[in-house]
Structures are given as structure tokens and as C-alpha cells.
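So you can see what is in the structure, the chains are spelled out below.
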Amino acid sequence: MVAPTETLTCQDDLTLENLLQTPEGQRIMSCIQCGMCAGTCPYGEHMNYPPRQIINMLRSGLLEEVYQSDSLLNCVACYACLAKCPRKIRLTEVLLPLVKEQMFEKLPEVPKELQSALQNTLRYGNPMGLSPLKRTDWIKSLGLPVRVLQKDPKPVDVLWFVECQTSYYPRGQENSRAVVRLMAALGIDFAILGNEERCAGECARLVGEAGLFDTLRERNIGVFRKYRFNRVVTSGAHAFDAFKYLYPSFGFDYPLDHTTTFFADHLNELKPKLARKLDYRVTYHDSCCLGRHNGFYEEPRALVNAIPGVKLVEMVHNRVNAICCGGGGGGMWLDTYYKSKGMERLSDRRVQEAVATGADVLAVSCPYEISRFEDALKTLGYEKKMIVRDVVELLAESLRE
Amino acid sequence: MTNKEPIRIGFYICHCGTNIAGTVDVETVARYVATLPGVAVSRDYKYMCSDPGQELILRDIQEHTLNRVVVASCSPLLHEQTFRNAIQKAGLNPFYFQMVNVREHNSWVHTDRLEATQKAMALARAAVQRVPHHKPLEVKKVPVQPGVLVLGGGIAGIHAALTLAGGGQKVYLLEREATIGGHMAKFDKTFPTLDCAACILTPKMSAVRASSNITLWTYSEVVKVDGYVGNYKVTVRRKPRYVIEDLCTGCRECVDACVYRDAKFSDEFNLGLGKRKPIYMPFPQAVPPVVVIDPQTCIELKTGKCKKTCLEACGDRHAIDFQQKEEIVEITVGTIIVATGFKIFDARRTPYYGYGVYPNVYNALEVERLVNASGPTGGEIVMRNGQVPKRVAIVHCVGSRDENTNRWCSRVCCLYSLKLAHLIHEHTRAEIYNFYIDMRTPGKSMEEFYTRIASEGMHLIRGKVADVYPDPSDGAQGRLIVQAEDTLLGRIVKTPVDMVVLAVALEPQPDAQDVRRMFNMSCGAEGFFLERHPKLAPVNTFTDGIFLAGCCQGPKDIPDTVAQAGAAAAEAYALSCRGHIEQEPNTASVLDDCSGCKSCIPLCPYTAISFDADRKKAVINEALCKGCGTCVASCPSGSIKQNLFEDEEIFSEIEGVLAC
Ligand SMILES: Cc1cc2nc3c(=O)[nH]c(=O)nc-3n(C[C@H](O)[C@H](O)[C@H](O)COP(=O)(O)OP(=O)(O)OC[C@H]3O[C@@H](n4cnc5c(N)ncnc54)[C@H](O)[C@@H]3O)c2cc1C
Ligand code: SF4
Ligand code: SF4
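Predicted, not measured: the structure shown is a model, and the values here were computed from it.

**Some points on the site of ligand 1**
Residues and elements named next belong to chain B.
Right, so step 1: Every one of the 36 residues lining ligand 1 counts as a neighbour, but Glu175, His183, Lys419, Lys556 and Ile558 are closest to it.
Right, so step 2: Here an oxygen atom of ligand 1 sits 3.4 Å away from a polar atom, N or O, in the main chain of phenylalanine 342.
Right, so step 3: At 3.5 Å, a backbone N or O of aspartate 557 approaches an oxygen atom of ligand 1.
Right, so step 4: The fraction of the free accessible surface of ligand 1 (1,000 Å²) that becomes covered by protein chains is 97%.

The structure is reproduced here in C-alpha cells:
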């Protein structure tokens, strides 16, 4: 198998000017122009400047021309290029964000949907533009207690960073309720930040809005510092990445888990409690952040396989080769823009592969994917054929009542 | 000469043109050394290593009755032997000599003339204080036993063995498979000439068998190596093949007679693309041309309850022997050539190419078998689904030039990919798409070969293949899409093909580390055996008397493999012709007050120390000792002494360098 990419945190002080003097820059100089990055990029054919070309332009001192193109708006930060680059150049997380930042500043017009998501995030701390006060509304219908640190600030074992989709979006809230049930079943001492939580900012950073990201990071770290806890567990695959790669240079140093890896670590205790047989044929979609970026290919599969009755089948593109849902790097709010350019929605492409496996459940582990895939199933008329479930939802469904 | 005689030292400092004299004031040094106790003559001279320079020493020794000599010049690596020879000519023991390096250690690395001169004086003083303590030593000669072991019967091992045998050397050729031939035996044609591999290889294989100087042991492995250059004791395990080699005529009537009417077991020689019976011959031209029985699938060997129709068919030839046991044999040889070759990269490690998932994805070696007339399909390129491909993609650099797998370029893949492009096209008229990163065709006639194949009308696409997946519009026909960026066009191409051929890398053998340990060799970071010097000692290893040939040292083509095998044979031959090796006398020895603590034994990098249980003392084998000094420094009771590095020699040298 391809080794997961090295887990190096991202340096804050890198700029395009000093990049080539750093070890990372020297690695960029070693590019052999093989085109693997462009060839593997899900939107490579729509880019005037795919990663290979960007490096070529950078080395020839012609990067200015790249900023004039909106080509990199097509990058959905899926880590495919980074994972397969034979020189291990950290494209998605180092080079491309720096170029995107410049491009973003020069964009004549930011696509509307993206613009408002970013503005909302700045103003309300979530891309939907909903009130921070409503962040914990999902708890009301749950029937289980969830401790909010603001109200009850005594030290806690697990600080669960819920993230936006899973707090506000109805289908995301089901994910959160499943997490609570699993935590309760395992007897985990956990709490959430409630209304104090803000978007972790990974998408802002990866679409090129570094300023917004800095604001969000500062704010979240400030809140973390107020409380005492042993570890952070988050439902957001993108939040996980933000904390792992982008927050450390700002002092974030807590042990970290995604809910999927957290429950995978507790699989032995969880297994006896998974009593309900689920007669599903499941195919698992590797989220880009958890899979390619962090190498968590087997953990979510182990969870799915632990559920009695479930049969796991693989899509043509799986693990390191999985096709992105199209939601990363701001792609979540660029669907209209992509459509206007005549580009296929990646979630449509992915769902077709999922349906072709004959599975009836598409299992996911990143909160973006629920809405994207449900939407794609509907558009393509597959909504009767297949449902989308987060791995934690499947686990909760299998819990003994 | 006895130690009672007064010490009379001759000191010489060399100008080395301006190499030394340009930075060091050699005349001042010579004048200074003349004032030191024991020095009878002190001179500077333009080129000490020249004939007149050596004459100068010779004359001084005789005229001034010198009994010690110190030369301050370049590195001992370069000229220590020169000067030792010179003083030996004058009748002095060559070890009454000390060399001072005032070039590499001084003039070449300093710019300040005054300080460089002072340093030269200090170094000269150290040598002058040391040399009176030198003892007369003797260079020992160790005989080289006749006989060479060649490990691995690929083209490298075959060529080395034949060369040595041709010169009258006794050779043991050891091969772990049932036949010699290695990878080359699997090919149909070879680049760059496209000549038939069997036509050039099988005569050499037969010559091995015919040579009275070669003992060929197939199905054999080395389990232990003891001894040292000139005198290696090698323990060999000969696995049972359940067929007596001398009695089998290779008629294969037994194979026809086997109770299994159809061949139903995966055939290793054809990489599983064909089938064989439990009793089989790997391929028709196998050497030795005898059958072998596979104990994993033979009913008699598994259960003892077979009708043994093979035995009946063999009749009074009596070649089949189900009782055959593994044999352990010890042989003594003077030198060893390691020629264990390579293994191909397992393409499942690049999962995005679909090897092992899609049946129409093949590795290049499998395709070599498919195009081979004696292969599983009789030379027809028929895929696992029974079809002949109309469009074929060849993916270069699979497992090469990639930090995620192997960093090196495997050197032969571009060329064998071009070869396969030609052969597949010749057999099927299919459209061929070669996806490459850089087309690497170094070597004689290789670029011409590239030109020839390219002009036949291949599609050459510059771009590393990113993805191989079933064509979604094709249902279950097995058509695949090969996706890449055509970097020269700047376009993404999605090429539909029927067959994908992966040009897999050449990797070290999986047991290379075991072999390395057994023969006390080194490996580079990639795991190939390391040559002593990349340019000047390409077939030598760091262990004397052990040489390398072929792909075990790194990926290479057949021409280079054969050239290297010839070179390794010549090195082994040279040692054996000389009949002895000269042993530097700077070896260590254990004194009588050794307490037997054994702490030195595991430290010796050359395993030269053993324990004499009767005397309860460590013993150093002079022939193995390389004079590294590790044990000397480690001995807690100071009971190991090393020639030329005895305490009084070292201490007086240190005093000399520190005194001012
Ligand atoms: C697909 C492919 C096509 C190629 N086509 C060409 C071509 O057309 N022209 C060309 O010039 N080159 C070609 N090459 C390169 C060629 O294969 C090598 O140059 C050549 O085989 C090297 O020979 P060798 O003897 O060093 O190694 P090998 O052929 O690998 O032989 C090594 C032998 O040692 C034996 N062995 C290994 N370990 C042990 C052990 N521990 N004890 C005993 N025996 C052992 C093995 O069983 C084997 O028989 C090709 C390579 C590949 C992969
Ligand atoms: S991260 Fe994904 S979308 Fe972005 S350039 Fe790389 S392959 Fe393309
Ligand atoms: S001097 Fe070195 S080589 Fe010689 S016996 Fe001691 S450790 Fe071994």
C-alpha cells in the first residue's frame, strides 16, 4: 500500500518568496514533471494550471500568470496529487494554499455561494450563517445529557469538537446524536464547547482565505485555553486536519482523534454492545482528509465490519485512489460555479461508482459527504437504491436498545 | 640489527612540486628536524616518490648507516608501499619506516604558511619520536585454495562460471531453483538487438553442464560461510528433488504417466500463467535437464498413497527416489562470486494500477512469458479472458523513481518496455501506448533501438500514469481506462485499452539481507549489495575474496551483467593464480594475561576472535584480522596488543606531537 503522507505540521511563516529556501522548497525543486498530480486530479482536465504546471511556472519565475487564472478554484483539496507524487511534494497542504492565497486576492469576482459562506463564517462562525446561539439546538430532541463546558466548566476527559455541519444541518445532527449514544454506551466522560465553538477554518485556509482562517484559529484556541480536558475528539474530518496540521504552530498540542478513529480505538469495548443485526450491503467512501491525508483506511472499515449482518464491498476507486466528494477546499460552496463551467459534480461521479457496487448503504466519515451524496443520489434518481450513513450512525443503529 | 644499536633516523620532506612547498616551508622543517635526537640526515626534495627521490633514501641508508626512515609527503594510501619497498631494497626491514602526511592533512587544507609549517614540524617530530620503537615485522603469505564458489545461476553466474572454468579453475555453481538461467531464461527476445534469448542463453547453459571444471548444484542454498579470503568453508544445503540427477535422462515419460492426467498446479516458471503436474521440468531447455517432484502437490510425498505411475514409467532407469533426503555438504573454496540477481517489484504496492484486481493488468515478466514461443500460450498473446488485445498500454516506472516505493531508476524498464511494445505489436497488430516519465535509453546501440521502435508507430506519451480503472461504459468486457497527463500536450488523456502492462522495477532479492550477513558484505540504502568503490572497485566487496556480478549489485541489462561477471571472474582468477595473499602485519594478538572475559569477541567486525575453551583465552585469527583495533581498545585488562600500534609507539607519537 502507499504509505500515508508524512505527518508534518504546516509552517505558518512560509511564503512564496521564502519557500524555495526551505527544505519543502528544495523538494519542490526536485519535481520531475511527470504529470502524476495533474493526471490524478479529479478536476485536472479543467485546470489551465494543474499542480505540475504551477511548479514549472514557479521555477521559471512566471507564477504571476498563474494568479491571473482562477484555475485553482477547481482544486477541491483532495490530497490525491500529494499522496501519489513520486517526489512527495506537499502540494495540497503547502504549495497550493500559498498560490491560492495570491489568486484569491486577485479574483475579479468570488463566486457568490462561496463568498457568502466565507462571510457567514466570519460573522457567525459557521458557513450557513446561523446564529451561534443555535449551535446546541440538536441536543433538545436527544433525550440524553450533553455537558456544555460554558455552563459546567469542570475538567473533562474528552472535549468533543462537534463542528458546523454536525451542529446545524439536520442530517448532520443525526451524526451528533449517534456520537452521544455511542459515548454514553462506552461511559466516556465528554463535553462540548456549545455556543463558544466556531468553524475550525480548514476550508477557508485551503480555498485561499488565510486571513479568515487566522481569525477562526485564534478564536478557537482562545476558547480551548479556558478549559481543562485530556484530549480533543472531533466529528469533522476537516476540523481534524485543521487541528493536526494547521493549529500546532499556534500552540495547539492536545492529543487528537476523529470520532471514527476514537471509536475504532474503543472497538473491543464497543463490539459486545453492537447487538442489532443490520442487513446492509455497505460500501465505504474514504474521506480525503482521513484517508489519503492521514492514512486511516482500515479503521473505519474495521468499525463497519464489526456490525453484525453488514457486508462490506469496495468501490472501484478506494483507499488512496478514492474519488473526492468535491466538497473540500471550498468546493462545498462552488457547485453552482462548477456547473456554470460545465464541470461534472464529483459527488455525482462518486455516487455512480457506489451504486455500481450493488450496495444499499454508502458509508461515510466526513460530515460534508452526507449532504453531498444524498443530493447526488437524488439528482441521479438513485434515492430509492441507496442511502447515505455516517459510520457512527451505523454503529449507533446497531447498539442494543 | 638489534635494538642496542644507536638509532640513526633519515628524515625527508617532499615538495610535491608546489603542492606541499607552496604552503609549508619545507626547508625550515628539514632544518628543524635535523636538530631532533636520533636524526642523522634531514633533507627536503622536490619529488620523493620519483626514482631519484627513492635513490636518495637508498644511498643515505648505506652511506650514513641509517636504521630508521621517516618521509613527510602525501597520504600513506598513495606511497607508503613505495617507500617501504625502497628501504627494503637497502636491506632495512620495511617496517622501520613511518610516513607523515603533510599534504592532505596539511598543505591542502591550510592557507596560513606559518601555521602550516609549525604543524608540519609537530607531525614530523611525532614520527621521529615514534619510529625508534618500531619493530621488524614480516609480511605473511596465506595460500589461496583452489576453487571458486559462484552463487546464483542467472546469466551473471553462468558467465562467471564458464569464464573461470575456461581458465582451468574448479567452480561450484550454486542455484536455488531447479534450473539455471535466471530471469533471462524467461524472455523471448532481448533488447537492443531483439535476438532470441534462448538462442544465446541455452548454449551457455549446456556448456555449464558439459564443463568438467564446473560442479553444478541446483536446488541448493548456502547455509553457512566460515573462513577467510583464500580459505572459505561453505556449508551448502541440497534440497531433495526426489529424482536422481545422474540417472534421469530427461525423457519426461514420467510426467506423461503421472496420475494427474491434466496439469493443474500453478506453474512457477510461467508465473502462474500456465499449469504443471507435481512432477515436471521447469522448461524444455532446463539445465540440468532432469525432472523434479514438488512435495507440496505430489500425492505420494503428501500421503504415501499414490499408484506411483511415474515410477513405473521410469522403469529400470530407477531415477525417481521418494526417499531422497536433504543433504548438507561442506566445500572449501578460495574465492566467492555472488550473483544472486534481483526480484521484480510487486505491483500491488501501487494499488492505483489495479494489478491483482483487474485480470487484464499484467506485469512485464508475465508478458515476457506470453510472447515466448515456449510460454504458456505458445507465444500467442491471449489474455486471461481468452481474448487477443487490440489496444495495449505499457506503464513505465512502476515501483521505480518514486519515493513512495523505490527511489532508484531500474535502468532496463524503458528499454524492455520498448521491446515489449514491438513484440506485442508484432504478435497482435495491436495499438500500443507507452506512458513514460523520461525515456532513458543509455548504452551502446540503445538510442538507435529507441529510434527504431518509435518509428514503428508506437504512441509515446510523456506522463506518469495516474490511474487504471474499468471503463464505466464497457460493462464487464474488461476494457480499462488508463488515465494520465500528456505533459507535452498539457492534456489529460483517458485511453481505453484491453490490456495494461506494468513495467515493474528491479528490486533486491527478498533474502538479500540474509545473504549479506552470511558473506559479511554491505548493502546500500536500497538493499543491493555494495561494491567496494563505485568506480574503481565495482566488482569487489568490502570482504576480500568475495566479488559481485549482475543485478544483485544494482539493476542493469544483460550486456552490463555479462561484463561485470567477466570482471568478477578475472578478479577471482587473479587471486587464485597468485596462489597466496599478503597479509599486512598490523594484526592484533592476545597476550597471556587475557582473563577470558570474552568482551572482545562480539565487537570484532570481522569475526576474527574466537574463544579457546581449554586455555580459557581469546584467540585472534591473523588471517581474518584487518587491524581495525576495536578489540585492542576494548580489552579491560589491556591484554590485546597490535603490531605497529603498540602502546609505546602510540604514546611517544602523542608526546611528539604535543611537545614544543
Ligand atoms: C521484464 C524484464 C525484461 C528484461 N529484458 C531484458 C532485455 O531484453 N535485454 C537485457 O539486456 N536485459 C533485460 N532485462 C534485464 C535482465 O533480466 C538482467 O540484466 C539479468 O537477468 C541479470 O542477470 P543476473 O544473473 O544478475 O540475475 P538473475 O537473472 O535474477 O539471476 C539470479 C539467479 O540467482 C538465483 N539466486 C538468487 N538468490 C539465490 C541464493 N540465495 N542462492 C542460490 N541462488 C540464488 C536465482 O534463482 C537466479 O537464478 C529485463 C528485465 C526484466 C525484469
Ligand atoms: S488536491 Fe486534489 S483537487 Fe487539488 S490539485 Fe491536488 S488532486 Fe487536484
Ligand atoms: S584488531 Fe580489529 S579485526 Fe583485528 S581482531 Fe581486533 S577487532 Fe578484529
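From this point, things continue past the structure.
**Remarks on the domain arrangement of chain A**
Residue and element names in this part refer to chain A.
Right, so step 1: Domain parsing of chain A yields domain 1 (4-106), domain 2 (112-265) and domain 3 (274-398).
Right, so step 2: Taken over C-alpha atoms, the centre of domain 1 sits 29 Å from the centre of domain 2.
Right, so step 3: Residue-level contacts link 15 residues of domain 1 with 17 residues of domain 2.
Right, so step 4: Buried surface at the junction of domain 1 and domain 2, both sides included, amounts to about 1,300 Å², of which 57% is carbon and sulfur.
Right, so step 5: Area buried by domain 1 at its contact with domain 2 is led by Cys10, Asp12 and Phe104, which between them contribute 36% of it.
Right, so step 6: Where domain 1 touches domain 2, the interface holds two residue pairs in polar contact (both at pLDDT 80 or more).

**Thoughts on the pattern of salt bridges**
Right, so step 1: Throughout the structure, instances matching the rule amount to 62 salt bridges over all chains.
Right, so step 2: Salt-bridge contacts for aspartate 189 of chain A lead to arginine 147 of chain A; the nearest nitrogen and oxygen are separated by 3.8 Å. Remark: arginine 147 of chain A occurs in strand S1 (residues 147-148) and aspartate 189 of chain A occurs in the loop between helix H9 (170-186) and strand S3 (190-192); sequence separation between them is 42 residues.
Right, so step 3: Exposure remark for arginine 147 of chain A: the relative accessible area of 15% places this residue in the buried category.
Right, so step 4: Its salt-bridge partner being aspartate 544 of chain B, residue lysine 626 of chain B comes within 3.8 Å of it at the nearest N-O pair.

**Some words on the domain arrangement of chain B**
Right, so step 1: Annotation of chain B at the domain level lists domain 1 (9-137), domain 2 (253-317), domain 3 (343-507) and domain 4 (588-643).
Right, so step 2: Domain 3 of chain B and domain 4 of chain B are separated by 57 Å when their C-alpha centres are compared.

**Brief notes about the sheet that holds strand S7 (residues 311-313) of chain A**
Residue and element names in this part refer to chain A.
Right, so step 1: On the basis of which strands lie adjacent, the open sheet formed by four strands has the order S7-S6-S8-S9 and parallel pairing. Every other strand in the sheet has two partners, leaving S7 and strand S9 (387-390) as the edge strands with one partner each. This sheet shows a mean twist of 35° between the axes of neighbouring strands, independent of strand direction.
Right, so step 2: Taken together, the four bridges between strand S8 (residues 361-364) and S9 define a ladder with parallel strand orientation. Bridge pairing links alanine 363 to arginine 389 in S9.

**Notes on the site of ligand 2**
Right, so step 1: In the region of ligand 2, 13 residues are neighbours, and Cys41, Cys75, Val76, Cys78 and Cys81 of chain A sit closest.
Right, so step 2: Looking at the shell around ligand 2, the elements that each hand over two or more residues are helix H5 (80-84) and helix H6 (91-106) of chain A.

**As for the interface of chain A and chain B**
Right, so step 1: Tallying the contact residues gives 24 residues for chain A and 25 residues for chain B.
Right, so step 2: When chain A packs against chain B, the two sides together hide about 2,100 Å² of surface, and 54% of this comes from carbon and sulfur.
Right, so step 3: Between arginine 52 of chain A and glutamate 485 of chain B there is a salt bridge; the shortest N-O distance is 2.6 Å.
Right, so step 4: Seen at the junction of chain A and chain B, the total is 13 residue pairs in polar contact (both at pLDDT 80 or more).
Right, so step 5: Of all elements in the fold, only helix H2 (36-40) and H5 of chain A reach the threshold of two or more residues within the side of chain A that touches chain B.
Right, so step 6: Of the residues forming the side of chain A that touches chain B, the biggest block, four residues, is contributed by H2 of chain A.
Right, so step 7: In terms of residue class, the side of chain A that touches chain B is built from 12 nonpolar, seven polar and five charged.

**Considering the sheet that holds strand S2 (residues 39-45) of chain B**
Two modes of strand pairing occur in sheets, parallel and antiparallel, and in both the strands are linked by backbone hydrogen bonds.
Residues and elements named next belong to chain B.
Right, so step 1: Ordered in space as S2-S1-S3-S4, the four strands form an open sheet in which the pairing is parallel. The sheet is open, and its two borders are formed by S2 and strand S4 (97-101), each paired with just one other strand. Pairwise comparison of adjacent strand axes, ignoring direction, gives a mean angle of 15° for this sheet.
Right, so step 2: Seen against the sheet, helix H1 (residues 26-34) touches strand S1 (9-14) and S2 and runs at an angle of roughly 175° to S2.
Right, so step 3: Sitting on the sheet, helix H5 (residues 113-130) touches S1, S2, strand S3 (68-73) and S4, and the angle it makes with S4 is about 170°.

**Some thoughts on the confidence of the model for chain B**
Right, so step 1: The predicted model of chain B has a mean per-residue pLDDT of 96, with 99% of residues at 70 or higher.
Right, so step 2: Complex prediction metrics read pTM 0.89 and ipTM 0.95.

**Some words on the nonpolar core**
Nonpolar side chains in soluble globular proteins generally cluster together in the buried interior.
Right, so step 1: The biggest cluster of nonpolar side chains holds 167 residues, and the ones touching the most others in it are Val234, Ile336, Ile337, Val338, Ile424, Leu502 and Phe519 of chain B.
Right, so step 2: When residues of this core are assigned to their parent elements, the largest contribution, nine residues, is made by helix H12 (residues 413-428) of chain B.
Right, so step 3: Beyond its immediate sequence surroundings of up to four residues, valine 234 of chain B is in contact with Leu149, Val222, Lys224, Val225, Val329, Glu330, Ile331, Val333 and Ile336 of chain B.
Right, so step 4: With 90 residues, the next largest nonpolar core counts Cys37, Leu114, Cys164 and Phe229 of chain A among its residues.

**Focus: helix H14 (residues 512-519) of chain B**
All names here are of chain B.
Right, so step 1: All of the buried residues along H14 are Ala512, Val515 and Phe519. For H14, the arc enclosing every buried residue in end-on projection is 65°, short of the 170-degree limit, so these residues lie on one face.
Right, so step 2: Within two residues after H14, asparagine 520 carries a phi angle of roughly 55°, on the positive side.

**Examining the side chain of glutamate 368 of chain B**
Right, so step 1: Looking at where glutamate 368 of chain B falls in the secondary structure, it is placed in helix H11 (residues 364-371).
Right, so step 2: Discounting chain neighbours no more than four positions away, the residues touching glutamate 368 of chain B are Lys186, Phe187, Asp188, Lys189, Lys419 and Leu420 of chain B.

**Quick word on the state of the cysteines**
Such a bond, covalent and formed between the sulfur atoms of two cysteines, is termed a disulfide.
Residue and element names in this part refer to chain B.
Right, so step 1: Applying the stated criterion across every chain yields a total of one disulfide over all chains.
Right, so step 2: Across the disulfide from cysteine 196 sits cysteine 199; the S-S distance is 2.2 Å. On the S-S bond that ties cysteine 196 to cysteine 199, the torsion sits near 90°, and the link is right-handed.
Right, so step 3: Free of any disulfide, cysteine 597 has its nearest cysteine sulfur in cysteine 635, 6.0 Å distant.

**Focus: the pairing of strand S12 (residues 231-238) of chain B**
All names here are of chain B.
Right, so step 1: Within S12, six of the eight residues are buried, which leaves it mostly tucked inside the rest of the structure.
Right, so step 2: Taken together, the eight bridges between strand S11 (residues 220-228) and S12 define a ladder with antiparallel strand orientation. When the sheet's bridge partners are listed, valine 222 is paired in S12 with valine 236.
Right, so step 3: Between S11 and the antiparallel strand that follows it, S12, lie two residues; glycine 230 among them carries a positive phi value of about 90°.
Right, so step 4: Pairing analysis gives seven bridges linking S12 to strand S17 (residues 327-333), with the strands arranged antiparallel. Its bridge partner lying in S17, lysine 233 is registered against threonine 332.

**Examining the environment of threonine 193 of chain B**
Residues and elements named next belong to chain B.
Right, so step 1: Within the secondary structure, threonine 193 sits in the loop between strand S8 (189-190) and strand S9 (195-196).
Right, so step 2: Each C-alpha atom, one on threonine 193 and one on alanine 659, is 70 Å from the other, the two residues being 466 residues apart in sequence.
Right, so step 3: Within the local environment of threonine 193, its side chain forms a polar contact with the side chain of aspartate 195, the two groups lying 2.7 Å apart.

**Focus: the confidence of the model for chain A**
Right, so step 1: Of the residues in chain A, 98% have a pLDDT of 70 or more, and the chain-wide mean is 94.
Right, so step 2: Note on residues 1-5 of chain A: pLDDT under 50 across the span, and 15 contacts to partners over four residues away in sequence or across chains.

**Concerning the environment of valine 234 of chain B**
Right, so step 1: Here valine 234 of chain B shows up in strand S12.
Right, so step 2: Taking the C-alpha atoms as reference, valine 234 of chain B lies 5.3 Å from isoleucine 331 of chain B; in sequence the two are 97 residues apart.

Parameters at a glance
- Residue indices follow the written sequence of each chain, beginning from 1 at its first position.
- The naming scheme follows written order: chains are lettered A onward, ligands numbered 1 onward.
- The predicted nature of this model means local features are confined to residues of pLDDT at least 70 and side-chain atom pairs, given and counted, to a pLDDT of 80 or more, with totals for whole chains, interfaces and linings taken over all residues.
- Each side-chain value is worked out from all heavy atoms of the structure, with water and hydrogens disregarded.
- Each residue is tested against the molecule or strand, and it is near if at least one of its non-hydrogen atoms lies within 4 Å.
- Throughout this description, a polar contact denotes any pair of N or O atoms lying within 3.5 Å of each other; where both atoms belong to protein, one of them has to be capable of donating a hydrogen while the other can accept it, and for residues adjacent in sequence the pair is counted only when both atoms sit in side chains.
- The method behind every accessible area is Shrake-Rupley, applied with a 1.4 Å probe, and residues are considered shielded solely by the protein chains displayed.
- Note that the domain bounds reflect an automated or database-derived domain assignment.
- Note on definitions: a residue-residue contact is assigned when non-hydrogen atoms from the two residues lie within 4.5 Å.
- Buried area is calculated as the accessible area (1.4 Å probe) missing from two parts once they are joined, with the contributions of both summed.
- In the sections that follow, a salt bridge refers to a side-chain nitrogen of Lys or Arg positioned within 4 Å of a carboxyl oxygen of Asp or Glu.
- Runs of H or I in DSSP of at least four residues are treated as helices and runs of E of at least two as strands, each being numbered from the N terminus.
- Here the term buried applies to any residue with accessible area under 20% of the maximum for its type, exposed to any over 50%, and partly exposed to those in between, with areas from a 1.4 Å probe on protein chains only.
- Two strands are said to pair when DSSP picks up at least two bridges between them.
- Helix axes are fitted to C-alpha atoms over the stretch in contact, other axes to C-alpha atoms as well, and angles between N-to-C directions run from 0 to 180 degrees.
- Any residue outside Ala, Val, Leu, Ile, Met, Phe, Trp, Tyr, Cys, Pro, Asp, Glu, Lys and Arg is labelled polar, Gly included; the first ten of those are nonpolar and the last four are charged.
- A score between 0 and 100, pLDDT records how confident the predictor is in each residue.
- Here the nonpolar core consists of buried residues drawn from Ala, Val, Leu, Ile, Met, Phe, Trp, Tyr and Cys, with membership extended through side-chain atoms lying within 4.5 Å.
- As used here, the arc belongs to the directions running from the helix axis to the C-beta atoms.
- Pairs of cysteine sulfur atoms within 2.5 Å are what we label disulfides.

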